[in-house]
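Architecture at a glance
Single-letter residue listing:
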Amino acid sequence: MSLFANSFPPRHRQSPQHRQGQPPVLKTSPGWSPPAPRCPRGGCRRSRGCWCRRTAGGPAPKPHPFGPLPRPAGCLELVKRQLFRVGEDWYFLFVLGVLMALISFMMDLIVFRLYEAHRWLYQEVGDYLVLKYLSWTIYPVAMAAFSTGFSQSITPHSGGSGIPELKTILTGVVLEEYLAIKNFGAKVVGLTCTLACGSTIFLGKVGPFVHLSAMAAAYLGKMRTSVMREYEDKFKQNEMLVAAQAVGVATVFGAPISGVLFSIEVMSSHFAVRDYWRGFFAATCGAFMFRLLAVFNSEQETIAAIFKSDLKIDFPFDLPETFFFMILGAICGAIACAYLFCQRWLLAAVRENRLTGRLLATDKPLYSALVVLLLASITFPPGLGQLMASRLSMKEHLISLFDNRTWGVLAQNASVPPAVPGDPQRLWQEWSHPSATIFGTLAFFLLMKFWMLTLATTLPLPAGYFMPIFIYGAAIGRLIGEVVALLFPHGLRVEATTHPIVPGGYALAGAAAFSGAVTHSISTALLVCEATGHLAHVLPVVLAVLVANAIAQKCQPSFYDGTIIVKKLPYLPRIRSRHMASYRVVVEEFMDRRVVAVAKGDGFEEVLAALSATTDGEYPVVESAGRVRAARGHGGRGDTSPGGRGDTSPGSCPPRVTHPVMLQLSPWTSLHQAHHLFELLKLQHIFVTRSHNRVGQALKNPQISPKACSYLSNGVIPPSPGPSPCNGATSLAVPPIPNLCRAP
């Protein structure tokens, strides 16, 4: 019995050959050799590089008095667990805010140096008019051409602001090339050159910085998954992108609160409250670091507002002035509607025109150079530029428009010394001209910049469009404030006490109202207060913003929605009509009835025929092709190759590549409910079934549901297909609208 036990040792004493299914090597066999002794420190069986092999032949090392020493890998795991105990999101959001603040500050510093070089070149050429013209025009033309050529040579998706594409990505559409890391470098360099052109082309950096923050967040998210060794979750990436939007605005204006609110209003149709703290934390880190760097660079003594203003706080406005602020909001809303219509029309016309379309397709730097040459020639200071304050930078424009004094009174003083460059107290003199009044220069500025800003939006270079409309609105408010001050030179009388009119307060309200009307946002009222550090005019500013938004949202889509429409991006617009009859529009009236389905028992040939029939990315999988039952799942185009994962038999459809259908709609579901599900769940399609039979598919496609939304926006209600199966009621009888539904 003992011999039998020695012949078959226990499993922990078996040789590797025995464990692999080979005959065991017994101790009495000729090929048997004793196992190597284990290392007392690591159990490595004396490998070649081990410490115990290098000291072979000597005495065995004594055990450590405090136990075995921890390995380096174990130390790293312990440190990582301790650091990420409070949550790894804090660290990555902090890094995101600090990184974007550094980039924003360095970009402003480089742009300031380049702009000062252009100003120095213009002054050093002397009084030769031809040399002045060449120095004024060639510099921005070269910068714009280089910006376009460099960014487009790296990636064609670096032009524009990037906010329309981000809105599309946040709805669930995959646009990977817009968040690529190579696009980050192209946009940083191109945006720097664009801003170096100064007020010649009048472009900003808010939109591109939101795009840059999103790209940085996507890259940091990938780093996070590699560090944490986790699967890259789509919803986690979406949370980082939502926080990145607020960082982009906060690191430009140094306004964290309005940055979060602006990103929610402009970018998201639905916002999760759990993402609120992420946005505020990242935006606060970015804004604090951005202003702290200005203190370190001796630009300011302490952390203060980015646009200084000396508006009166003891008595900022009289109560009857709220009427003029409402008029200002109505004027800004009307001008915003005209601007949005002209911008969208011109952007589409430039793309469809044969000459400009060919230039944009083959030679974009040449198109940018020609447009910038035209704009620079108009803003030439000895020419029309002297009536438009063209020698001021973008920041100096805002500082001068927010001036506390009344320009009409200052212009009457003939003993005013000449303006000194960089002196904020004398910047208003750039708006004064001997042959025109203050009202004339402001009106001419608004008239010329209206079409110049519209033309500048067609340039295929990295640029932002929020700062130009912000300054344009401030000019509208300044003009209205100067007119009110002219009509009431001693102020409005309230209880026998006179208080002078402050035109700078109207400039604040105009900047917030016009920019809010163009972007369809209310948070611009708070943005103005945070950027200037002035809160006394917050109530009239909010009132003007509300009036302007009420007019603009009723008449025109926002600036970014209009760009999405022109670019034909797959974005679902909101339903503007809230009439009771619009809730009677059901899914059956606009769903896609021509849906190619795959039966559960179909073979590879049937699946291949379905793939060849349409270009859809996903197909519904049903129980049987004879009697079409409800959709049991859906499969992707890239998952149905023979021999792929889940291919269990040569003639069957792979069962593991299908995904279960989590949501189905009834044909009598209202359009508002379907639209809400598309926005909330970020879906691309929803299957429609009736009595467990598949009827059609409601798609988030720019040719289907947005068409119905556009009809609802115009107040037109399509007819109901018939009596409702629930209560037998019919919808509002209106003439049939052709091409609203696809033919069955």
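Residues numbered from 1 in each chain as written. Predicted model: local features only at pLDDT ≥ 70, side-chain atom pairs only at ≥ 80, totals over all residues. Heavy atoms only, no water.

**Points about the overall build of the protein**
- Each helix and strand counted, the protein has 26 helices and nine strands in total.
- With 744 residues in all, the protein has 49% of them scored as buried.
- In the protein, the proportion of contacts linking residues at least 24 apart, taken out of those at least 6 apart, comes to 72%.
- Accessible surface, the protein as shown: approximately 36600 Å² in total, 62% of it carbon and sulfur. (Helix = DSSP H or I, 4+ residues; strand = E, 2+ residues; numbered from the N terminus. Buried < 20%, exposed > 50% of the residue type's maximum accessible area, 1.4 Å probe, protein only. Contact = heavy atoms within 4.5 Å. Areas by Shrake-Rupley, 256 points an atom, 1.4 Å probe, with all protein chains shown as cover.)

**What about the environment of Asp 403?**
- Its place among the elements puts Asp 403 in the loop between α16 (394-401) and α17 (407-411).
- Each C-alpha atom of the pair Asp 403 and Gly 504 lies 5.4 Å from the other, and the pair is 101 residues apart in sequence.
- Within polar-contact distance, the side chain of Asp 403 engages the side chain of Arg 405 at 3.1 Å. (Polar contact = N/O pair within 3.5 Å; in protein donor to acceptor, adjacent residues only side chain to side chain.)

**With respect to the packing of helix α13 (residues 321-352) against helix α19 (residues 466-487)**
- Orientation of α13 relative to α19, taken along the N-to-C sense of each, is 140°, at an axis distance of 11 Å. Judged by the inter-axis angle, α13 sits oblique to α19. Of the two elements, α13 crosses α19, and the hand of that crossing is right-handed. Listed contacts from α19 to Phe 324, Leu 328, Ile 331, Cys 332, Ile 335 and Tyr 339 of α13 are Ile 469, Tyr 472, Ile 476, Gly 477, Ile 480 and Val 484.
- Taken together, the residues of the contact of α13 with α19 break down into 11 nonpolar, one polar and no charged. (Axes fitted to C-alpha atoms, helices over the stretch in contact; angles between N-to-C directions. Parallel < 35°, antiparallel > 145°, perpendicular 65-115°, else oblique. Left-handed = near helix turned anticlockwise from the far one by under 90°. Nonpolar A, V, L, I, M, F, W, Y, C, P; charged D, E, K, R; others polar.)

**Looking at the environment of Gly 159**
- Tracing the chain through its elements places Gly 159 in the loop between α6 (129-154) and α7 (163-170).
- Each C-alpha atom, one on Gly 159 and one on Gly 190, is 8.7 Å from the other, the two residues being 31 residues apart in sequence.
- For Gly 159, the contacting residues outside a window of four places in its chain are Gln 152, Lys 187, Pro 460, Leu 461 and Pro 462.

**Thoughts on the packing of aromatic side chains**
- Tallying each qualifying case throughout the model produces 19 aromatic pairs.
- When the ring of Phe 202 is compared with that of Phe 445, the centres are 6.2 Å apart and the planes differ by 75°; the resulting orientation is edge-to-face. Of this pair, Phe 202 sits in the loop between α8 (181-196) and α9 (206-228) while Phe 445 is found in helix α18 (residues 438-456), placing the two residues 243 residues apart along the sequence.
- What makes Phe 202 buried here is its relative accessible area of 2%.
- Each ring, one from Tyr 339 and one from Phe 450, has its centre 6.1 Å from the other, and the planes form 75°; the classification is edge-to-face. (Phe/Tyr/Trp six-rings, centres within 6.5 Å; stacked < 30°, edge-to-face > 60°.)

**A closer look at the state of the cysteines**
- In the structure shown here, the tally under the stated rule is zero disulfides.
- Distance from the sulfur of Cys 193, which forms no disulfide, to the nearest cysteine sulfur (Cys 197) is 7.9 Å. (Disulfide = S-S within 2.5 Å.)

**Considerations on the packing of α7 against helix α23 (residues 559-567)**
- For the pair α7 and α23, the least separation of the axes is 9 Å and the interaxial angle reads 85°. By the criterion of interaxial angle, the relationship of α7 to α23 is roughly perpendicular. Here Ile 163, Pro 164, Glu 165, Lys 167 and Thr 168 of α7 lie close against α23, whose contacting residues are Tyr 560, Asp 561, Thr 563, Ile 564 and Lys 567.
- Grouping the amino acids of the contact of α7 with α23 by side-chain chemistry returns four nonpolar, two polar and four charged.

**Quick notes on the pattern of salt bridges**
- One pass over the structure, following the stated rule, counts eight salt bridges.
- Of the charged contacts, one joins Glu 430 and Arg 391 as a salt bridge, the two residues approaching to 3.0 Å between their closest N and O atoms. Within this pair, whereas Glu 430 is found in the loop between α17 and α18, its partner Arg 391 is found in the loop between α15 (364-378) and α16, the two being separated by 39 residues in sequence.
- With a relative accessible area of 44%, Arg 391 lands in the partly exposed category.
- When salt bridges with common partners are traced through the structure, they connect Glu 116, Arg 119 and Glu 396 into a single cluster. (Salt bridge = Lys/Arg side-chain N within 4 Å of Asp/Glu carboxyl O.)

**Let's talk about the nonpolar core**
- In this structure, Phe 253, Trp 431, Phe 466 and Phe 514 are the most contacted members of the largest nonpolar core, which totals 141 residues.
- No other element matches the 13 residues that α19 contributes to this core.
- Beyond its immediate sequence surroundings of up to four residues, Phe 253 is in contact with Val 206, Ile 306, Phe 307, Phe 466, Met 467, Leu 527 and Ala 531. (Core = buried A, V, L, I, M, F, W, Y, C linked by side-chain atoms within 4.5 Å.)

**Considering the side chain of Gln 343**
- If you trace the backbone, Gln 343 turns up in helix α13.
- For Gln 343, a relative accessible area of 2% puts it in the buried group.

**Some remarks on the pairing of strand β4 (residues 618-622)**
- The buried count for β4 comes to four of five residues, which makes it a mostly enclosed element.
- Pairing of strand β3 (residues 598-599) with β4 involves two bridges; the strand directions are parallel. Paired with Ala 599 across the bridge in β4 is Val 622. (Pairing = 2+ DSSP bridges.)

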